[in-house]
Each structure stands twice: as structure tokens, then as C-alpha cells.
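# Overview (structure and organization)
The lines below spell out each chain.
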Amino acid sequence: MDFTGFPGLSGKTAIVTGSTQGLGADIARGLAAAGANVVLVGRNAEAGRALERELDGRALYCETDIGQDSQIQRCIDAAVARFGRLDILVNNACQYADRGLASSREEWHSTLDTNLVSAAIFTQLAAPLLPRGGVVVNMGSTGGKFGAAGRALYPASKAALLQITKNFAVELAPAGVRVLAVSPAWTWSPSVEQLSGGSRPAADAVGAHFHPLGRVGSGEEIAAAVCFACSDAASWMTGVDIPVDGGFSILGPDRGISPRAWFKELAP
């Protein structure tokens, strides 16, 4: 995919949390290809340094525990020290462990701290450095919009992230800073790769039941949406969620299939 067509990203600096693997790494690659400098945030030093080398001068790996305010501030300071500015924050880091109604208080606290509170604190500490035209992108999910049995922690955290996107957009608008969310549906990522046994065709075959476009998404497609949100092409957008979900969110529980077809399937 060609990432060079997103206006206004060249020379800017972006922090991407949770960017040592999976979707976060794809977002970092997309921003770097669009001309931005990228600060890679995560705790997997080996993967982070490998991606830093891959991006060849456009990246800085900063090992960070986003559950610690002091480490968040250290990361922000390192970004400015290395690249001289901070323009973009992508709150992507999250954890997926979820036992639904059976989840303990400690599990609730852990998930919300990583997926929600750390994004809020990162935004709080980065905001004073963001110039007019600065952007915060929160990574939402279709999981935060619909009910699902056996899940509670992850959906609740993503739903709350979509809400604070609106609140922070209003609060930061006078400073000329935009806040948006990007919400993928099923995307080829480490979690889907594991569920499908490493088979992209199998993932697409299952995903076709729930995505009108007939497949799961790719990390590049999500990265392109993030680059658009951060670019001058989206300069009149703030406080909204951009669904990048292959049509997942337009379907109801009937999966877009008419009653006639369902009854025909059940007929003897």
C-alpha cells in the first residue's frame, strides 16, 4: 500500500503505544512510510529494537510500562529529545484477557488500567506539547459497540475509550488539537492468527460470515485509516469514530440475511 499520499505527515513525530508487534507495528510502519518519525512504545525490547532498525532512522524504541506515569513522561521526553517535537499520539496498547462475568476485581483493574486509564494519562501528559494541528488517535474496536457472551473487560474498556475520545476532543479543540478514534473489526493480527492456526484463508472464511466484504482486514488497511486521521486530509474531523471494519458494524444479528433465507434454511 502506498502511504506517501497523506498530506502533512512528513517530518512530524508520532508516539504509538503497543507498537512492538501486531497492529501497533503496522501503524508505526504506515506512519513512517508516510514520512513521520515514530516512537515505538512497548516492553518487548527485542521486537522494539528490531522494528527500530527496520524503520532505519525514522524510529526510536522506548521501553515503557504505560501503567507508570513517570515512564510515560520519560517516553514523551525522549521523543522530543530525539526528534525535537511531538505531533501525534496513537493510543493502541491493550490487553485482551477476558473472562466475562467471571472476571475478578484485579482483572478488571488490570485491563482498564492498560486499555483505558493509561491512554487517558498518556493524552494528559502529551497534550501540552501537541501543537495546533496535533492529533490523538484512540484505537477502538467493534468489540466496544456490541454485546458478546463471555466478554466484558475488553468491550467495556473499548466502549469507554470511544467515550473519552468525545470528551477529550471537546476539551482540546480550543488548542487546535483533534482527537479521533479508529475502530477495526476482525483484523489479521497475532490473536486472529492464533485462532486460525496461522491460516489467513481460514480466517477469511470465518470472517466472511460477519463482514460483508467477505474477509478479515489487514494491518495495512487499519494503518492507512490512522494515517488519514492524522493527516491534513482529516483536518475538519474531531471527536468521531472511524469504523474500518469491512461492514461489520452495519449488520444486525441476522447478518444481513433476509427472513426468507433464514426460514428456507430451516425448512425440512
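Let me sum up the structure you'll find in this document. Keep in mind the model is a prediction, meaning the values are calculated, not measured. Every residue gets a number counted from 1 within its own chain, in the order that chain's sequence is written. pLDDT decides what is reported in this predicted model: residues at 70 or higher carry local features, side-chain atom pairs at 80 or more are listed and counted, and totals for whole chains, interfaces and linings draw on all residues regardless. To get the side-chain values, take all heavy atoms of the structure and skip hydrogens and water.

## Some points on the packing of helix 1 (residues 22-33) against helix 8 (residues 219-230)
Note the cut-off: As a rule, the C-alpha atoms of each element are fitted with a line to give its axis, helices using only the stretch in contact, and angles between N-to-C directions run from 0 to 180 degrees. To qualify as a helix, a DSSP run of H or I must reach at least 4 residues; to qualify as a strand, a run of E must reach at least 2; elements of each kind are numbered from the N terminus. Any angle between 65 and 115 degrees counts as roughly perpendicular, while under 35 counts as roughly parallel, over 145 as roughly antiparallel, and the rest as oblique. Helix crossings fall into two classes, left-handed where the near helix is turned counterclockwise from the far one by less than a right angle and right-handed where it is turned clockwise. We call two residues in contact when some of their heavy atoms are within 4.5 Å.
Across the interface, helix 1 lies against helix 8 with an axial gap of 8 Å and an inter-helix angle of 55°. In terms of axis orientation, helix 1 runs oblique to helix 8. Between helix 1 and helix 8 lies a crossing whose hand is right-handed. Between helix 1, through Leu23, Asp26, Ile27, Gly30 and Leu31, and helix 8, the contact on the second element is made entirely by Gly219, Ile222, Ala223, Val226 and Cys227.

## Examining the packing of aromatic side chains
Short version of the rule: Between the rings of Phe, Tyr and Trp (Trp by its six-membered ring), a pair exists once the centres lie within 6.5 Å; its type follows the angle of the planes, with under 30 degrees stacked, over 60 edge-to-face, and the other angles tilted. Only protein chains enter the accessibility calculation, which uses a 1.4 Å probe. A residue is then buried if its area is under 20% of the maximum for its type, exposed if over 50%, and partly exposed in between.
What the rule picks out here adds up to 4 aromatic pairs. With a centroid separation of 6.2 Å and 40° between ring planes, the pair formed by Phe3 and Phe6 is classed as tilted. For Phe3, a relative accessible area of 6% puts it in the buried group. Accessibility expressed as a relative area gives 17% for Phe6, which makes it buried.

## Here we look at the pattern of salt bridges
Note the cut-off: Throughout this description, the term salt bridge denotes a Lys or Arg side-chain nitrogen within 4 Å of a carboxyl oxygen of Asp or Glu.
Tallied over the entire structure, the rule returns 8 salt bridges. The partner of Arg200 in a salt bridge is Asp204, with the nearest N and O atoms 3.2 Å apart. Separated by 4 residues within a single helix, Arg200 and Asp204 lie in helix 7 (residues 200-207), roughly one turn from each other. On the basis of relative accessibility, which here comes to 26%, the residue Arg200 falls in the partly exposed class. Among the charged side chains, a network of salt bridges with common partners joins Asp26, Arg29 and Glu54.

## Comments concerning the nonpolar core
Note the threshold: The definition of a nonpolar core used throughout is a set of buried Ala, Val, Leu, Ile, Met, Phe, Trp, Tyr and Cys residues joined through side-chain atoms within 4.5 Å.
Residues Ile27, Leu31, Val90, Val137 and Met139 are the most contacted members of the largest nonpolar core, which totals 36 residues. With 24 residues, the next largest nonpolar core counts Ile15, Leu86, Val136 and Val177 among its residues.

## Some remarks on the pairing of strand 2 (residues 37-42)
Note the following rule: Note on pairing: two strands pair once DSSP finds at least 2 bridges between them.
Taking burial as the measure, the 6 residues of strand 2 include 6 buried ones, the bulk of the element. Bridging between strand 1 (residues 13-17) and strand 2 involves 5 bridges; their strand directions are parallel. Its bridge partner lying in strand 2, Thr17 is registered against Val41.

## Some words on the environment of Phe210
If you trace the backbone, Phe210 turns up in the loop between helix 7 and helix 8. When sequence neighbours within four positions are dropped, the list of residues in contact with Phe210 reads Trp186, Phe248, Leu251 and Arg255.

## A few points about empty space enclosed by the protein
Going by this rule: Put plainly, a pocket is an open set of points on a 1 Å grid over the protein atoms alone with protein on both sides within 12 Å along at least five of seven lines, a cavity is a set where a 1.4 Å probe fits but cannot get out, and a lining residue has an atom within 4 Å of a point. Grid points are joined across faces, edges and corners, and a volume is the space filled by probe spheres set on the points. Only Asp, Glu, Lys and Arg are considered charged, only Ala, Val, Leu, Ile, Met, Phe, Trp, Tyr, Cys and Pro nonpolar, and every remaining residue, Gly among them, polar.
Evaluated as defined, the whole model comprises 1 cavity of 30 Å³ or more. Looking at the largest cavity, its volume works out to about 30 Å³. Counting residues per element, the lining of the largest cavity draws most heavily on helix 4 (residues 105-126), at 4 residues. Looking at the lining of the largest cavity, its residues break down into 4 nonpolar, 5 polar and no charged.

## Some thoughts on the pairing of strand 5 (residues 135-139)
Formally: If you view a crossover with the strands going away from you and the path from the first strand over the helix to the second runs clockwise, you call it right-handed.
In terms of burial, strand 5 is largely enclosed, as 5 of its 5 residues are buried. Neither face of strand 5 is open: one carries Val135, Val137 and Met139, the other Val136 and Asn138, and all of them are buried. The pairing of strand 4 (residues 88-91) with strand 5 spans 4 bridges and is classified as parallel. Paired with Val90 across the two strands is Val137, which belongs to strand 5. Following the backbone out of strand 4, through helix 4 and into the adjacent parallel strand 5, one traces a crossover that is right-handed. Relative to strand 6 (residues 178-184), strand 5 runs parallel, the two sharing 5 bridges. From the neighbouring strand, Met139 faces strand 6, where its bridge partner is Val182. In this region the chain leaves strand 5, passes through helix 5 (residues 153-172) and returns to the parallel neighbour strand 6; the handedness of that crossover is right-handed.

## Focus on the sheet that holds strand 1
In a beta sheet, neighbouring strands are held together by backbone hydrogen bonds and run either parallel or antiparallel to one another. Pairing is parallel across the open sheet formed by 7 strands, whose spatial order is 3-2-1-4-5-6-7. Unpaired on one side and paired on the other, strand 3 (59-63) and strand 7 (241-244) mark the two borders of the sheet. Adjacent strand axes in the sheet meet at a mean angle of 20° when their direction is disregarded. Across 4 bridges, the pairing between strand 6 and strand 7 is parallel. What sits directly across from Ser183, in strand 7, is Pro243. Along the sheet, helix 5 contacts strand 5, strand 6 and strand 7; its crossing angle with strand 6, the most-contacted strand, is approximately 160°.

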